[in-house]
Amino acid sequence: MNRLCVFCGSSTGRRPEHREAARRFGALMAERGMGLVFGAGHVGLMGVVADAVLGAGGEAIGVIPQALVDKELAHGGLTKLHVVDTMHQRKALMADLADGFVALPGGFGTADELFEILTWAQLGLHAKPIGLLNVAGFFDPLLAWVDHCVSEGFLRPEHREMLLVSADSEGLLEMLLRRKPTIQTPKWIDSQDR
Ligand code: AMP
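Every residue gets a number counted from 1 within its own chain, in the order that chain's sequence is written. This being a predicted model, a pLDDT of at least 70 is required before a residue's local features are given, and a value of 80 or more before pairs of side-chain atoms are given or counted; all residues contribute to the totals for chains, interfaces and linings. Water and hydrogen atoms play no part in the side-chain values, which are based on all heavy atoms of the structure.

### Let's talk about the pattern of salt bridges
Put simply, the rule reads: A side-chain nitrogen of Lys or Arg and a carboxyl oxygen of Asp or Glu constitute a salt bridge if their distance falls within 4 Å. For helices the rule is a DSSP run of H or I covering at least 4 residues; for strands it is a run of E covering at least 2, with both sets numbered from the N terminus onward. Buried, partly exposed and exposed residues are distinguished by accessible area as a fraction of the type maximum, computed with a 1.4 Å probe on protein chains only: under 20%, between the cut-offs, and over 50%, respectively.
In total, this model carries nine salt bridges according to the counting rule given. Note that E59 and R3 form a salt bridge whose closest N and O atoms lie 3.2 Å from each other. Taken together, the residues E59 in the loop between α2 (44-55) and β3 (60-65) and R3 in strand β1 (residues 3-7) connect sequence positions 56 residues apart. The partly exposed category is assigned to R3, whose relative accessible area is 25%. Look at the salt bridges and you will find they share partners, linking K91, D112 and E116 into a network.

So, in structure tokens, the structure goes:
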């Protein structure tokens, strides 16, 4: 795995654990020779991860729409900055550039990016590994909802299994590296499923 795309908050959150986990995760990526692909912001946990990757001698590639550059939200010291026109182009390019995806704590933007990439995997559009760094149980309510989707028959168990979860950065990176790229069972197997 050469490059990992990290989705995370444009805020740092209230708990110091979130900032510390983002810093640790970025440093570990650089130690393992994994480049960062991300939303290019200098703010929030995004900025913390990017600074940690760059500080440990790693590569950080940002993809940002012009509108956010105009608001001076782009990180100034990246290895490479791709400026695109729309949020849709940004997500597509981040997905193309990366070999896997990880979400760290964040809000709507993080959830949007995570669920879009899960949805694309569910539809068989890519077979790249997807992980969740569950810092201080931050994602427990989201995981409870995902399990609820399975028990209520809105999500197949094998699609739930696409989401690799660990509270520990090293453990999560190991899980991502071990995951074999497999195209998932297509969501629509027969008309009964619709
Ligand atoms: P949120 O979780 O709502 O803070 O949104 C964070 C995610 O959305 C990041 O992974 C970014 O790709 C994107 N994003 C949201 N706000 C910004 C920003 N100010 N600058 C750059 N990217 C952002």
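Moving on, there is more to tell.
### Details of the environment of A22
For clarity, the threshold we go by: Between two residues, a contact is recorded if the distance between any of their heavy atoms is within 4.5 Å.
Inspection of the secondary structure assignment puts A22 in helix α1 (residues 16-31). Relative accessible area serves as the criterion here: at 0%, A22 is assigned to the buried category. When near neighbours in sequence (up to four residues on either side) are disregarded, A22 contacts L45, V48, V49 and L104.

### What about the packing of aromatic side chains?
Using the following cut-off: Two aromatic rings, drawn from Phe, Tyr or Trp (for Trp, its six-membered ring), form a pair once their centres lie within 6.5 Å of each other, and the interplanar angle then sorts them: stacked below 30 degrees, edge-to-face above 60, tilted otherwise.
Here the structure, examined in full by the defined rule, presents three aromatic pairs. Ring centres 6.0 Å apart and planes at 15 degrees place the aromatic pair F7 and F101 in the stacked group. Highlighted residues: F7 in strand β1 and F101 in strand β5 (residues 100-103), separated in sequence by 94 residues. Across the pair, F101 and F7 agree in class, each one buried. Considering the side-chain rings of F138 and F139, the 4.9 Å spacing of their centres and the 85 degrees angle between planes classify their relative orientation as edge-to-face. The class for F138 is partly exposed, based on a relative accessible area of 34%. The class for F139 is buried, based on a relative accessible area of 4%.

### Describing the site of the ligand
The condition is simple: The nearness test applies per residue and asks whether one of its heavy atoms lies within 4 Å of the molecule or strand. Under this definition, polar contacts are N or O atom pairs within 3.5 Å; protein pairs additionally need one hydrogen-donor-capable and one acceptor-capable atom, and for neighbouring residues in sequence, both atoms have to be side-chain atoms. Values of accessible area rely on a 1.4 Å probe in the Shrake-Rupley scheme; residue burial ignores everything except the protein chains shown. Three categories are distinguished: nonpolar for Ala, Val, Leu, Ile, Met, Phe, Trp, Tyr, Cys and Pro, charged for Asp, Glu, Lys and Arg, and polar for the others, with Gly belonging to the last.
S10, G107, G109, T110 and E113 are the nearest of the 17 residues found near the ligand. Between an oxygen atom of the ligand and a main-chain N or O atom of C8, the distance comes to 3.3 Å. In the environment of the ligand, an oxygen atom lies 2.8 Å from a nitrogen or oxygen atom belonging to the backbone of G109. Burial of the ligand by the surrounding chains reaches 86%, relative to a free accessible area of 480 Å². The dominant element in the shell around the ligand, judged by the number of residues it contributes, is helix α5 (residues 108-122), at four residues. Considering only residue class, the shell around the ligand consists of seven nonpolar, eight polar and two charged.

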